[in-house]
Amino acid sequence: MQQSNIQAFASNFLGNAPTWYKLVIISFLVLNPCLMYAVNPFVTGWVLIAEFIFTLAMALKCYPLPAGGLLAFEAVVMGLTSTETVYHEALKNFEVILLLIFMVAGIYFMKDFLQFTFTRILVRVRSKLVISLLFTLAGAVLSAFLDALTVTAVIIAVAYGFYNIYHRYASGKTMQCTHDLCSDHKVKEKSRAELQEFRAFLRNLMMHGAVGTALGGVCTLVGEPQNLLIGGEMGWHFVTFFLKVVPVSMPVLATGLLTCVAVEYFHIFGYGAKLPGNIRSHLLETAVQMEEKQGRKGKIKLIVQALTGVWLVLALALHLGAVGIIGLSVIILLTAFNGVVEEHQLGKAFEEALPFTALLVVFFAIVAVIHDQGLFHPIIEYVLSLKGQTQLVAYYCANGLLSAISDNVFVATVYISETKLHFINALGAIPNIGMTGQALMDKLTDPNMARADAVAGLPQAAATQALDLMRNLDKLAVAINTGTNIPSVATPNGQAAFLFLLTSALAPVIRLSYGRMVWLALPYTITMSLAGLAAVNYLL
């Protein structure tokens, strides 16, 4: 009886995660207290970071929240940080939490309009190269103002819907009967070659669209969660953020679009698959029937969603409120005017964002450990001892490498907070400023105060030194932002949109594996990362 209880407990622990993964996490939990008391908290803190990055890298085996959360919980219990510090980190980044809760949910209610847009591109445009370019560009533009995860979810929904329609048609099945989309046993022999080509075509479009979300996500304050985090630390509004990153984001965007054209034109890295004519005809007929079924009410819903999208862009550009509050206004407008009035209908909108929101707070717990133990001080001091463009390049490369193997939000959180802390100390060392470095930094990063006004009461030499320091911090913040956003397309670990695609119901039916995704992303990783590196070095 006792043995069966132990087996049941072991089975429940981390659920369906592989046994080896469970044993690794248990070994981490046992190792940390031993290191804490046998060695010192500093070494234990670094081991904890490595363990946490492992949970992020193994996200396909187990979502990082349970395992990473256990590590963070243990860190607090051992005294590596305190609940007060964790709370302070979460409170400091409350605007990011609001973004994830309300903006992602708000965009959920715009899915019909977004799906309509991508469906039109897929079935109305005949050239594969033009379709690929439009998917990439649409993903970029939408992700600059909306949420990359939701944009990716819409692209997935469009592709899955059309794949479902054709696979059933090729298997002689109706839309009403049960059918396994992963199995080709019932597919007619004459349709098998077309189905393989269709899968390759959808893999191409999914990757173009996902890369597009990264290209657009780097450009604006709301494009990715870490952008808002960095912008909040620096006191940048929507327009200010856009202008600060333009020297890097625009060359990278152009490079990404050119890469899209090149891989499709030369049929390299698994790209260049065409949509067979028979499938295009069938999908076009289906799309027309779906539009006719919408009726007048459906068309009015699309118009309301489009107008709400215009409101969203204007509200963000004019900074009419905090990003999360603007997201809440989107929820209110779309639910009120489109008749979404039942609680269970509203609840679905929050399902995508809340797990990641909880994981983000776990990130803050690890960041709290880094702060309290001073883990990054030696690294930050070394990198900041470098001079000129070498310093910016080092920041870009370090953030890019870490983001490719772990999670870009976590990396950005660590680097921007630790770098800003260094500059607070540097400001505090300026003679005759008449206040603490923290107080001066608060004034210099106040979004409602011009920096010239913030230093107006300081002696001329002190004011000049403070403004020089802030100009350097601005460039480093851009290097952190672009470093975490651009090279992270290398693997699904770094980009949440990529991971979302890989773990979706679509991935197995179009045969999109981890290795294949990395291969398809490789040309973009090389060209965009090098373009970003060159821009950081020569244009910042």
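What counts as what
Residues numbered from 1 in each chain as written. Predicted model: local features only at pLDDT ≥ 70, side-chain atom pairs only at ≥ 80, totals over all residues. Heavy atoms only, no water. Helix = DSSP H or I, 4+ residues; strand = E, 2+ residues; numbered from the N terminus. Rg over C-alpha atoms; globule rule 2.2 N^0.38 Å. Buried < 20%, exposed > 50% of the residue type's maximum accessible area, 1.4 Å probe, protein only. Contact = heavy atoms within 4.5 Å. Lys, Arg positive; Asp, Glu negative; His and termini not counted. Charge placed at Lys NZ, Arg CZ, Asp CG, Glu CD. Salt bridge = Lys/Arg side-chain N within 4 Å of Asp/Glu carboxyl O.

A. Expanded view of the overall build of the chain. On a plain count of helices and strands, the chain comes out with 25 helices and zero strands. At 25 Å, the chain has a C-alpha radius of gyration in line with the 24 Å of a compact globule built from 540 residues. Reported as C-alpha extents along the three principal axes, the dimensions of the chain are approximately 80 × 65 × 50 Å. When the 540 residues of the chain are sorted by exposure, 54% land in the buried category. Partitioning the contacts of the chain with sequence separation of at least 6, the portion at a separation of at least 24 is 76%. Between the mean site of the 33 positive side-chain charges and the mean site of the 31 negative ones, the chain shows a separation of 13 Å.

B. Quick peek at the pattern of salt bridges. Counting across every chain of the model gives seven salt bridges. For D474, the salt bridge identified is with K244, shortest N-O distance 3.2 Å. You can see D474 sitting in helix α22 (residues 460-485) and its partner K244 sitting in helix α12 (residues 238-266), a full 230 residues away along the chain. For K244, a relative accessible area of 30% corresponds to the partly exposed category. Here D474 ties to R451 by a salt bridge, and the two come within 2.6 Å at their closest N and O atoms. Of this pair, D474 sits in helix α22 while R451 sits in helix α21 (residues 451-454), placing them 23 residues apart in sequence. Both residues of the pair, D474 and R451, count as buried.

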